[in-house]
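# Analysis of the macromolecular model
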Amino acid sequence: MPSYFEQLKTELPTIKSLAQSGGVNGFFAQEALRFYSVAGTLFEVDEFKLDETATNDERNITHVLSRSLLENYFTIIYLFDDLAQTATRYEALKNSFKDDYRKLMNDLSGPSWQMFMQSYQAQLEAANPAWMRGNGLPNVIDMLTAVRNDYGDRINYLYPIYRITSFDTHGKSLGTIFEAVFGKKCNFPVLKLKYAFELIANQYLIVLNDLRGQGLI
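No experiment lies behind these values; they were computed from the predicted model shown.

### Observations regarding the nonpolar core
- In this structure, F28, F35, F197 and Y204 are the most contacted members of the largest nonpolar core, which totals 47 residues.
- Secondary-structure elements contributing two or more residues to this core are α1 (4–10), α2 (12–18), α3 (23–44), α4 (56–80), α5 (86–108), α7 (140–146), α8 (159–169) and α10 (193–213).
- The residues touching F197, leaving out its near neighbours within four places in the chain, are F35, A39, L42, F43, L50, S66 and L69.

Here's what the structure looks like:
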């Protein structure tokens, strides 16, 4: 039987078409395409062992790239876990985006970055001053606690994977600092990313089937 990732590949024409639509379904489809692009690239590089046998050099790339895939995977699960709440949760996602974007533009509007902004301001949309602060998405652990998988189980067990990849993403898993802090050589978990990618691909196939069931694709 083909892997979930291989099954997702057969859905690419549908996903690409859906990615042209707006709203929450378009967001899902564009993220599914991003996942396929990033994870597919990692699968194709023979030197990358996407399991616990990976070297530190490999994890410097694979864990960092996987972190953003995991974050949006959790968001997709949360958005589509209860179709009656999908629209409300998508509004919360947009509120979170507005808040993050507002912070970005506020940071760049200071006098220290005037030269940068003179060159790039035309490529950056201005934050709308009319944006009202609304309820954003919960944090990752709260989103995971709020949803269940197809078997009715909580999926907050995935949170440690996210935290490990976050530690790597911020460059905090280097051996030197571990030795300096603990006074000895230390290990740090290497994750079974291939398994995680299969979970993500399976979830995106489930969302596609749910959308088909609603007659949306």
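### A closer look at the packing of aromatic side chains
- Within the structure shown, the criterion is met by 19 aromatic pairs.
- Taken together, a centroid distance of 5.0 Å and an interplanar angle of 10° make the contact between F5 and Y36 stacked. With F5 in helix α1 and Y36 in helix α3, this pair connects stretches of sequence that are 31 residues apart.
- Judged by centre distance (4.7 Å) and plane angle (25°), the ring pair of F116 and Y120 falls under stacked. Highlighted residues: F116 and Y120, both in helix α6 (residues 114–120), separated by four residues, approximately one helical turn.
- Take F116: its relative accessible area is 38%, and that puts it in the partly exposed class.
- If you follow R89 out to its NZ or CZ, it ends over the ring of Y78, 4.0 Å from the centre.

### Points about the packing of α4 against α5
- At a closest axis distance of 8 Å, the pairing of α4 and α5 adopts a crossing angle of 145°. Facing T75, Y78, L79 and F80 of α4, the residues of α5 in contact are T86, R89, Y90 and L93.
- Looking at the contact of α4 with α5 residue by residue, the classes come out as five nonpolar, two polar and one charged.

### Examining the packing of α3 against α4
- Contact geometry for α3 and α4: axes closest at 10 Å, N-to-C directions at 155°. Taken together, α3 and α4 sit at an angle that is classed as roughly antiparallel. Taken as a pair, α3 and α4 cross one another with a handedness that is left-handed. Residue-level inspection shows V24, N25, F27, F28, E31, R34, F35, V38, A39 and L42 of α3 in contact with α4, the latter providing I61, T62, L65, S66, S68, L69, N72, T75, I76, L79 and F80.
- A class-by-class count of the residues in the contact of α3 with α4 yields 13 nonpolar, six polar and two charged.

### As for the pattern of salt bridges
- Inspection of the entire model under this criterion finds 10 salt bridges.
- For the salt bridge of R34 with E31, the shortest nitrogen-to-oxygen distance reads 2.9 Å. Here the residue R34 and the residue E31 both occupy positions in helix α3, the gap between them amounting to three residues, near one helical turn.
- The exposure class of E31 is buried, given its relative accessible area of 4%.
- Residues D99 and K103 are paired through a salt bridge, measuring 3.5 Å at the closest nitrogen-oxygen approach. Pair noted here: D99 and K103 are both in helix α5, with a separation of four residues, about one helical turn.

What counts and how
- Residues numbered from 1 in each chain as written.
- Predicted model: local features only at pLDDT ≥ 70, side-chain atom pairs only at ≥ 80, totals over all residues.
- Heavy atoms only, no water.
- Core = buried A, V, L, I, M, F, W, Y, C linked by side-chain atoms within 4.5 Å.
- Buried < 20%, exposed > 50% of the residue type's maximum accessible area, 1.4 Å probe, protein only.
- Helix = DSSP H or I, 4+ residues; strand = E, 2+ residues; numbered from the N terminus.
- Contact = heavy atoms within 4.5 Å.
- Phe/Tyr/Trp six-rings, centres within 6.5 Å; stacked < 30°, edge-to-face > 60°.
- Lys NZ or Arg CZ within 6 Å of the ring centre and 35° of its normal.
- Axes fitted to C-alpha atoms, helices over the stretch in contact; angles between N-to-C directions.
- Nonpolar A, V, L, I, M, F, W, Y, C, P; charged D, E, K, R; others polar.
- Parallel < 35°, antiparallel > 145°, perpendicular 65-115°, else oblique.
- Left-handed = near helix turned anticlockwise from the far one by under 90°.
- Salt bridge = Lys/Arg side-chain N within 4 Å of Asp/Glu carboxyl O.

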